[in-house]
Structure formats: C-alpha cells, structure tokens
Amino acid sequence: MKLTISVGDIASDIVAGVKESEQYKLIFHSDWYWGHSVLVNNEPVKWNANTVFNFSVKPQINVANLGDRDHDIEIEFLRID
Amino acid sequence: MGRFPKMIDKKIESLSRFEVHKKLKKWHFNLDSTKQDYYIVKHIDRPPEFWQSGIDELLTVDPLKLDNGWFAKPTQDDTVEKDSKYHAIQSLHNDVRLAGAPKGDNWFDRRALSQDNILSELLDEIDLNDIDIRFGTQNSMDMTYRHIDHEHSQVAPKTRLTEDNPQSLEEVFTSRGDWVKYIILLHDLFPGQVMYWGNSVIEAKQGDVIAWDYGVPHWTVNFSNYPRHVGLITGKKRS
C-alpha cells in the first residue's frame, strides 16, 4: 500500500491490519525533512527517497508529519508472498 | 513598553519564523549534517522518588492546554500584554497557520510550579539568572509541531524585549542575547516518546538537562501510552 503523510497527520501502528507474511518491505519515495517522524519498532529512522527497509516480521510503524505543507512523507509498504 | 519597535511589528506580521531562520542560517540547516544538534548541560542526580513525587504534585495543578488554536490566536485579556505577546510570537503563529495544522492538535499541557512542589529544588541546580520554570506534559498521540524558540521573547516579552532592545528584525532572528532555554527530563523516555532537535533525536535520561544553540528547529511526538513530563526553563546566562 502507498501512503502520503501530510502535515498534521499522525498515526500509530499503520500496518497492523496487513496480512501476515514472511517478508515485508518499507520503501520511502520522498526525502526526510525537518518535522518528519517515523518510528519502526519504536526506533526513529531517517531516510532518503528510495531508502528500503526489509523485515522478516511485520514491524510496528508510527508516523507523524509535523513539518510543513511542502514536504509530505511518501511511503510504500509491501507484503512479499 | 516592551514591544518590538514599530518597524519590526509591521514586518513580522507575515513572516515565517522557520523560513527567516533558514535564510539567515545561524544554524546549519544542512539535511546531511551529522553534528549533534543538542547537548546535555548537566545531570541532576535525585532518587526516583523525588521525580515521581514532583510529577504527582504537578498533576494536581490545572493545566493550560497548548494546542494549534492557542498558537494561532493568543487569548490574553490585558491589551498591552496581548499585543506584546502576539508580536513576540507572531512569526511562530504564522508557521502554525501556514502548516494548515488542525487547530485541535494539542502540543502539550503546561503547568506552573507550585511553591510547595519538591521540584522547586531544581532551581538551585540551574546556573541562570531570571529563571522562568514551567512544566510540559505531552499525552499520548500529542505532538509539538516543528518550531524554533525565541527564548529572548517567549516567556515575558513585556520586560525582556525591552531589556534586550532588538533594533532590527535581523537582530531578533540572529541572536537571543544571553537568554537560553533548558529542558529537564523528569523521567526516562518511554519507547515511542521522541524528541527531534534539528537532525538529531535526543538520547537522554531522567535528570538530564538539555540545551541547544539558537535557531535549531525541533519537534516532538508521543506515540507511547504514557504521558511525557519535562521541565521547561528559560533564563539568562550568568556572566
């Protein structure tokens, strides 16, 4: 699934409803900017466009965009079957 | 009268604080910088009971809820104070408005220090003059939007702007004079409680006193199920 997280958006465990699998990918399609907050399993992460995180267990992902209108967070989460 | 000079008043009405700081670049504003953008001034060593007792006492005080609506429209009754406060933080209001952030989003609950609170002992540990101390409780899923503090004007603009007497808009944005702000962690951060300072994420523990250079943008969010309590101290460096 693809998500655009705009300023003012905040959500916890955004992939909780994704079906179980043996492999997942989190792909960022935008650069990190001041005001962006993404936690993967409670660890803050930073990224650039095209940064990919791989998981063998479904992660907990928390997101918030506390920056400005010109800088959305664009992410894609994939379940690999 | 403790207000910005008229010239500054006029110009500041439409300015984004973040964008002005970014343009003046007193902080690096480099997304690739790996420099730590905060520092720990000192550690205040007290037993866990001290901190918990202070937090429990704090929570008996009625809080002021600081939400985006509060930032967008100050509510002081006194006209002079309203004007001076509004002008002192107008550029911050502008950033909140420009972000289009929902007005109901709560940054944190702010509380004053009651005289009998054990946390008043903290004042003896802080090497600053003219100390103003407040406490911030950030509840679950609350957040502070990205912002930059103007320590020289935010606490008591009626007096401090007069004292520092900025003569130009650039002066307001390039220096906070001798004023500094500290944050004291009243407890270890729970997983999911994050404090971003510039390009850094704060790693600190209960009793740590955190400071930063003027102009560092910062924002925080609480994804945990627990409130996050900090002390907010503004004061003037001793010469």
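Participant: Any details on the pattern of salt bridges? Residues and values, ideally.
Facilitator: Scanning the model with the defined rule gives 13 salt bridges over all chains in all. As a salt-bridge pair, Asp68 of chain A and Arg146 of chain B come within 2.8 Å of each other at their nearest N and O atoms. Pair noted here: Asp68 of chain A is in the loop between strand 7 (61-65) and strand 8 (73-80) and Arg146 of chain B is in strand 5 (residues 143-147), and the two residues belong to different chains. This pair shows no difference in class: Asp68 of chain A is buried, exactly as Arg146 of chain B is. Between Arg46 of chain B and Glu121 of chain B there is a salt bridge, and its shortest N-O distance comes to 3.4 Å. With Arg46 of chain B in the loop between strand 1 (39-43) and helix 3 (48-58) and Glu121 of chain B in the loop between strand 3 (106-112) and strand 4 (128-138), this pair connects stretches of sequence that are 75 residues apart. The class of Arg46 of chain B is partly exposed, set by a relative accessible area of 23%.

Participant: So what's going on with the sheet that holds strand 1 of chain B? Residues and values would help.
Facilitator: Residues and elements named next belong to chain B. A sheet is described by the order of its strands in space; here seven strands give the open sequence 1-9-6-11-4-3-2, paired in antiparallel fashion. Each edge of the open sheet carries a strand with a single partner, namely strand 1 and strand 2 (64-67). Ignoring strand direction, the axes of neighbouring strands in this sheet form an average angle of 30°. Judged from the seven bridges that link them, strand 6 (residues 179-185) and strand 11 (residues 228-237) form a sheet pairing that is antiparallel. Within strand 11, the residue paired with Tyr182 across the bridge is Ile233.

About the thresholds
- Residues numbered from 1 in each chain as written.
- Chains lettered and ligands numbered in written order.
- Predicted model: local features only at pLDDT ≥ 70, side-chain atom pairs only at ≥ 80, totals over all residues.
- Heavy atoms only, no water.
- Salt bridge = Lys/Arg side-chain N within 4 Å of Asp/Glu carboxyl O.
- Helix = DSSP H or I, 4+ residues; strand = E, 2+ residues; numbered from the N terminus.
- Buried < 20%, exposed > 50% of the residue type's maximum accessible area, 1.4 Å probe, protein only.
- Pairing = 2+ DSSP bridges.
- Axes fitted to C-alpha atoms, helices over the stretch in contact; angles between N-to-C directions.

By themselves these figures say nothing about function.
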